[in-house]
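Single-letter residue listing:
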Amino acid sequence: MQQHSGQHLITAIFDREFKYNTKSWWLGTESSYIDLEAKDVTREQLERVESICNQLIVDCTPVKVDVYEPDDPALKSDVTRATRGLPEDVSGPLRVVTIAGIESNMCCGTHVRNLGQLQSVKLLSVEKAKGKCLVHFLVGGRVLRKLSECYDREVQLNTLLNGGPSSHIDLAKKLQSTVRATQRIAKKLTTELATTEAEKLNQQRDSGSAPKFVSLHRSDGQDSDFINTFLRMVKLPDCFIFLTNADTDGSGKGQLVLQGRPDDVAKLGPEICTLLEGKGNGKGTRYNAKVNKLKNLPQCEKLVQEYFSSCDGGATAAVVEK
């Protein structure tokens with residue numbers, strides 16, 4: 001009843017104050033909305049409608065329900081003009097809900113007896129999408145529940161941010177700034193590490209001892225910076241490169257990248273992907289996949305080792321970093 005009567009009230013005030021017609025409405029289990037015939041609703045307009053609604057609630061404005069027969073002369077009066085446009089062949093009683101001094105509307109739903117029973121109205125936000133202008137709102141008990149949820153969240157933030165509500169925004173901005181600075185440093189270090197690892201392999205190539213395959217695995221998150229930098233810097237065109245990175249939560253999920261000669265990639269890519277319970281594809285010299293079971297990496301390395309041992313008659317070289 002609170003949400004339904006609240007919708008009638010909000011709709012009527014938007015119409016009275018700004019001539020915004022309500023095209024449709026929806027009463028949800030958590031919050032509700034009305035779809036206004038407007039391009040936008042400003043914060044000032046929201047505040048004005050909310051203020052008027054709550055004052056009418058404080059005034060305990062009466063709400064009454066009248067039932068009329070279709071031929072009742074009262075239906076011709078201004079009070080019940082809400083029935084205008086009613087088809088002539090309508091039969092049976094007509095139910096009209098009136099908020100005193102605000103509006104009269106045909107409605108078959110349940111309503112409060114006066115607006116004081118609504119307790120309060122809170123207009124939350126305006127959502128614009130695909131020709132719609134939705135005003136989300138709460139009424140009555142839902143306003144109190146929302147306040148309780150916000151207060152509980154505020155108490156938790158006091159502990160997490162080590163500061164009171166008045167400083168939450170500043171503390172959150174400071175935290176964001178720190179995170180961004182840390183991310184920049186981590187990105188720089190990741191790039192330097194990938195470059196160093198690639199240069200080690202390039203030096204082996206220059207000394208005539210380039211490996212047949214490289215197996216390199218990291219467990220510091222699914223950041224592609226290391227892999228991309230490493231593959232860009234390494235200069236081993238005939239080397240099979242087997243790279244993975246894993247989530248830090250120990251779930252075994254991560255990213256797989258293979259690079260090498262097309263025949264090697266075509267043969268080993270699907271088999272490694274299957275062992276790691278992943279889904280991916282490859283073409284030419286590259287194979288990429290999202291994988292879910294990185295604990296099977298030892299089996300994959302054994303597979304690669306055996307493959308190149310059979311191809312090269314037992315002569316192979318491998319560099320493995322974890």
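Residues numbered from 1 in each chain as written. Predicted model: local features only at pLDDT ≥ 70, side-chain atom pairs only at ≥ 80, totals over all residues. Heavy atoms only, no water.

- The name an unreviewed UniProt entry gives the protein chain is Threonyl/alanyl tRNA synthetase SAD domain-containing protein, with Anopheles arabiensis as the organism.
- Per its UniProt entry, the protein chain bears the Sequence similarities (unreviewed entry) comment "Belongs to the class-II aminoacyl-tRNA synthetase family. Alax-L subfamily."
- Per UniProt, the protein chain carries the Subcellular location (unreviewed entry) text "Cytoplasm". (UniProt positions renumbered as here; feature names shortened; annotations may be inferred.)

A word on the UniProt feature "domain: Threonyl/alanyl tRNA synthetase SAD" (unreviewed entry) in the protein chain
Okay, so step 1: Those residues carrying the UniProt feature "domain: Threonyl/alanyl tRNA synthetase SAD" (unreviewed entry) are residues 94-136 in this numbering.
Okay, so step 2: For residues 94-136, the helix share is 0%, the strand share is 56%, and the end-to-end C-alpha distance is 30 Å. (Helix = DSSP H or I, 4+ residues; strand = E, 2+ residues; numbered from the N terminus.)

Let's talk about unusual backbone geometry
Okay, so step 1: Look at Cys60: it is not a glycine, yet its phi comes out positive at around 55°.
Okay, so step 2: Within the element layout of this structure, Cys60 appears in the loop between α2 (43-58) and β3 (63-68).
Okay, so step 3: Relative accessible area serves as the criterion here: at 41%, Cys60 is assigned to the partly exposed category. (Buried < 20%, exposed > 50% of the residue type's maximum accessible area, 1.4 Å probe, protein only.)

Thoughts on the sheet that holds strand β6 (residues 121-129)
Okay, so step 1: The sheet built from four strands is open, its strands ordered β1-β2-β7-β6 with antiparallel pairing. Two strands close off the open sheet at either side, each with one partner strand: β1 (22-27) and β6. Going from strand to strand, the sheet's axes swing by 20° on average, the running direction of each strand aside.
Okay, so step 2: Pairing geometry for β1 and strand β2 (residues 32-36), over five bridges, is antiparallel. In the sheet register, Trp26 faces β2, and the bridge partner there is Tyr33.
Okay, so step 3: Here helix α1 (residues 2-18) sits on the sheet and contacts β1, β2, β6 and β7 (132-139); the angle it forms with β7, its principal contact strand, is near 130°.
Okay, so step 4: Packing against the sheet, helix α3 (residues 141-161) makes contact with β2, β6 and β7, and its axis sits at approximately 85° to β7. (Pairing = 2+ DSSP bridges. Axes fitted to C-alpha atoms, helices over the stretch in contact; angles between N-to-C directions. Contact = heavy atoms within 4.5 Å.)

What about the sheet that holds β3?
Okay, so step 1: The three strands lie next to each other as β3-β4-β5, forming an open sheet whose pairing is antiparallel. If you trace the sheet from one side to the other, it starts and ends with β3 and β5 (103-106), each paired once. Averaged over all pairs of adjacent strands, the angle between strand axes in this sheet comes to 25°, irrespective of strand direction.
Okay, so step 2: Direction of pairing for strand β4 (residues 94-99) relative to β5: antiparallel, over a ladder of four bridges. Bridge pairing in β5 places Ile99 opposite Glu103.

So, the environment of Phe213
Okay, so step 1: Tracing the sequence through the fold places Phe213 in strand β8 (residues 213-218).
Okay, so step 2: Residues Phe213 and Asp238 lie 25 residues apart in sequence; the distance between their C-alpha atoms is 8.7 Å.

Some words on the pattern of salt bridges
Okay, so step 1: Taken as a whole and judged by the stated rule, the model has 14 salt bridges.
Okay, so step 2: Salt-bridge contacts for Arg205 lead to Asp206; the nearest nitrogen and oxygen are separated by 2.8 Å.
Okay, so step 3: Overlapping salt bridges bring together Arg16, Glu17 and Arg48 as one network. (Salt bridge = Lys/Arg side-chain N within 4 Å of Asp/Glu carboxyl O.)

Considering the packing of α1 against α2
Okay, so step 1: Relative orientation of the contacting elements α1 and α2 amounts to 120°, with a least axis distance of 10 Å. Judged on the interaxial angle alone, α2 and α1 are oblique. α1 and α2 meet at a crossing whose hand is right-handed. Contact with α1, carried on its side by Leu9, Ile10, Ile13, Phe14, Arg16, Glu17 and Phe18, involves Gln45, Leu46, Arg48, Val49, Ile52, Cys53 and Leu56 of α2 and no other residues of that element.
Okay, so step 2: Considering only residue class, the contact of α1 with α2 consists of 10 nonpolar, one polar and three charged. (Parallel < 35°, antiparallel > 145°, perpendicular 65-115°, else oblique. Left-handed = near helix turned anticlockwise from the far one by under 90°. Nonpolar A, V, L, I, M, F, W, Y, C, P; charged D, E, K, R; others polar.)

Structural notes on the side chain of Thr229
Okay, so step 1: Topologically, Thr229 is positioned in helix α5 (residues 225-233).
Okay, so step 2: The residues touching Thr229, leaving out its near neighbours within four places in the chain, are Thr191, Ala194 and Thr195.

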